[in-house]
Amino acid sequence: MAMTQITTQDLTHIVATHGLPTLLGRLVDYLEADFRRWPEFDKSPRSAAHSEGGVIELMPVADDKEYSFKYVNGHPGNTKLGLSTVVAFGVLADVDTGMPTLISELTLTTALRTAATSVMAAKLLARKDSKTMALIGNGAQSEFQALAFHHLLGIQEVRVYDVDPAATDKLVRNLAAAAPDLRVVPCTGVAQAVRGADIVTTVTADKANADILTPEMIEPGMHINGVGGDCPGKTELATGVVAKASVFVEFEPQSRIEGEVQQMPADFPVTELWRVLAMQASGRRNAAEVTLFDSVGFALEDYSALRLVRDCAKELGLGHEAGLIPALRDPKDLFGELAAAPRAARKQAA
């Protein structure tokens, strides 16, 4: 059973061939289909190794056919070293045999799946007439969020703010090239960006308990897409904002540890998003309700993304043998494979 490797070059080829709006739309479809069969999956909170500078995580999930995991880090200070804040790769494996079948880049793909998950939630929770979005935090994830909401939900105006003006300049420049029909409005502060917005997306990177959104900024009918708070001690919303919203999460045991709801009492009510998709719970109930998708990122989203990447790669003839699993002539003779290497090397030298 071969193990295929998908590189960043393969992923960019997939995006270039299909176009970003089409690929994001397909990813939302994969996510919705998998979330609707939520009870079929073996789930657990991710394993995290925290340090002063960041976190390294492993995110596993499986159904009765395929197992997947993602390796991912989050180190906000990396940009000062010329390194990415987040890098990731992922694996798919066959449950019946335990044999890995795919290893893929997930740095770019994680940004795509995070944006697609935000859209999946907003389809259920935001007002149907939403046209404007405030985007607080203009770093590596921001273009993906803006373009997903523009192409898939009809957002026509994005109001953008970051404490780093260079990040905002980068975002404005990239969006002008990628979506010239999207109106992008740079703002001088969070309050200006949020005022009158239908949807507010926060996607900041600092590992801190921050009050980026405060209660006086929240208006009736807003949908808040809280993306940046995703580990213990890292939040973006003041407690009063969370308290006044109807809160939806991915996997409650993980969100209680890592999400905005880590600030709240253990009995604070939340709804897992899959229940809304499965029509077991209500999403938005009226036009004045304030809704919050407390997004921390869950392994099932990576499972969906890995399957889409694999399917697209097959369609386009991309990927190559990873060479990480020995093809044993005798599966009981692992040492024989090792001993054969020096003989082959001597024969080649001769």
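Computed from a prediction, not measured in an experiment: that's the story for all the values here.

(A) Seen up close, the packing of helix H1 (residues 8-18) against helix H3 (residues 107-125). Close contact between H1 and H3 brings their axes to 9 Å; oriented N to C, the two are set at 40°. Between H1 and H3, the crossing angle belongs to the class labelled oblique. Here Thr8, Leu11, Thr12 and Val15 of H1 come into contact with H3, specifically with Leu108, Thr109 and Leu112. Looking at the contact of H1 with H3, its residues break down into four nonpolar, three polar and no charged.

(B) Inspection of the layout of surface pockets at higher detail. By volume, the second largest pocket is sized at about 150 Å³. Lining the second largest pocket we find Ala245, Ser246, Val247, Phe248, Phe268, Pro269, Val270, Thr271, Ser282, Gly283, Arg285 and Glu289. The leading source of residues in the lining of the second largest pocket is strand S15 (residues 246-249), at three residues.

(C) View of the sheet that holds strand S10 (residues 183-186). Pairing is parallel across the open sheet formed by eight strands, whose spatial order is S10-S9-S8-S11-S13-S17-S15-S16. Pairing within the sheet leaves two strands with one partner each, and these edge strands are S10 and strand S16 (271-272). Across four bridges, the pairing between S15 and strand S17 (residues 291-294) is parallel. Within the sheet, the bridge partner assigned to valine 247 lies in S17 and is leucine 292. Relative to the sheet, helix H4 (residues 142-153) contacts strand S8 (132-136), strand S9 (157-161), strand S11 (199-202) and strand S13 (223-226), its axis offset from that of S8 by approximately 170°.

(D) Inspection of empty space enclosed by the protein at higher detail. Considering all chains together, one arrives at one cavity of 30 Å³ or more under this definition. Lining the largest cavity, in full, are Leu11, Ile14, Leu23, Leu24, Leu27, Thr109, Leu112, Ala305, Leu308, Val309 and Cys312. Mapped by element, the contributors of at least two residues to the lining of the largest cavity are H1, helix H2 (20-36), H3 and helix H10 (299-316). Class assignment for the residues of the lining of the largest cavity results in ten nonpolar, one polar and no charged.

(E) Structural view of the packing of H2 against H4. In contact at an axis separation of 10 Å, H2 and H4 are set at 85° when each is read in the N-to-C sense. Overall, the two elements H2 and H4 adopt an arrangement that is roughly perpendicular. Contacts between H2 and H4 involve Leu20, Pro21, Leu24, Gly25 and Val28 from the former and Leu147, Ala148, His151 and Leu152 from the latter. Here the contact of H2 with H4 is composed, by residue class, of seven nonpolar, two polar and no charged.

(F) Local environment of the pattern of salt bridges. One pass over the structure, following the stated rule, counts 22 salt bridges. In this structure, the salt-bridge partner of arginine 159 is glutamate 157, at a minimum N-O distance of 2.7 Å. Relative accessible area serves as the criterion here: at 13%, glutamate 157 is assigned to the buried category. The shortest N-O distance in the salt bridge between glutamate 252 and arginine 256 comes to 2.9 Å. Residue glutamate 252 and its partner arginine 256 are located together in helix H8 (residues 252-258), separated by four residues, close to a single helical turn. Each of Asp34, Arg37, Glu40, Asp63 and Arg307 takes part in salt bridges that share partners, so that together they form one network.

(G) Seen up close, the side chain of arginine 46. Take arginine 46: it is sitting in the loop between strand S2 (42-43) and strand S3 (47-50). Exposure remark for arginine 46: the relative accessible area of 9% places this residue in the buried category. Of note is the side chain of arginine 46, whose polar atom sits 2.7 Å from the backbone oxygen of valine 296. Apart from residues no more than four positions distant in its own chain, arginine 46 is found in contact with Glu57, Leu58, Met59, Asp230, Gln254, Glu258, Val296 and Gly297.

(H) Local environment of H2. A rise of 1.5 Å per residue sets the reference length of H2, with its 17 residues, at 24 Å; its end C-alpha atoms lie 24 Å apart and thus fit the reference within 8%. Those residues of H2 not exposed but buried are Leu20, Leu23, Leu24, Gly25, Leu27, Val28, Tyr30, Leu31, Glu32, Asp34 and Phe35. Looking at the packing, one finds that the buried side of H2 touches H1, H3, H4, helix H9 (273-277) and H10.

(I) Structural view of the nonpolar core. Counting 63 residues, the largest nonpolar core has Ile14 and Phe35 as the members making the most contacts within it. It is H10 that contributes the most residues to this core, nine residues altogether. Excluding residues within four positions of it along the chain, isoleucine 14 makes contact with Gly19, Leu23, Val309, Cys312, Ala313, Leu316 and Leu318. Core analysis: the second largest hydrophobic core is formed by 28 residues, Ile136, Leu213, Val242 and Val290 among them.

(J) Structural context of unusual backbone geometry. Here methionine 279, not a glycine, exhibits a phi torsion of approximately 60°, which is positive. Here methionine 279 shows up in the loop between H9 and S17. By relative accessible area, methionine 279 is classed as exposed at 77%.

Criteria and thresholds
- Residues numbered from 1 in each chain as written.
- Predicted model: local features only at pLDDT ≥ 70, side-chain atom pairs only at ≥ 80, totals over all residues.
- Heavy atoms only, no water.
- Axes fitted to C-alpha atoms, helices over the stretch in contact; angles between N-to-C directions.
- Helix = DSSP H or I, 4+ residues; strand = E, 2+ residues; numbered from the N terminus.
- Parallel < 35°, antiparallel > 145°, perpendicular 65-115°, else oblique.
- Contact = heavy atoms within 4.5 Å.
- Nonpolar A, V, L, I, M, F, W, Y, C, P; charged D, E, K, R; others polar.
- 1 Å grid on protein atoms, 1.4 Å probe; cavity = no way out; pocket = protein on both sides within 12 Å on 5 of 7 lines; lining within 4 Å.
- Points joined across faces, edges and corners; volume = space filled by probe spheres on them.
- Pairing = 2+ DSSP bridges.
- Salt bridge = Lys/Arg side-chain N within 4 Å of Asp/Glu carboxyl O.
- Buried < 20%, exposed > 50% of the residue type's maximum accessible area, 1.4 Å probe, protein only.
- Polar contact = N/O pair within 3.5 Å; in protein donor to acceptor, adjacent residues only side chain to side chain.
- Expected span 1.5 Å × (residues − 1).
- Core = buried A, V, L, I, M, F, W, Y, C linked by side-chain atoms within 4.5 Å.

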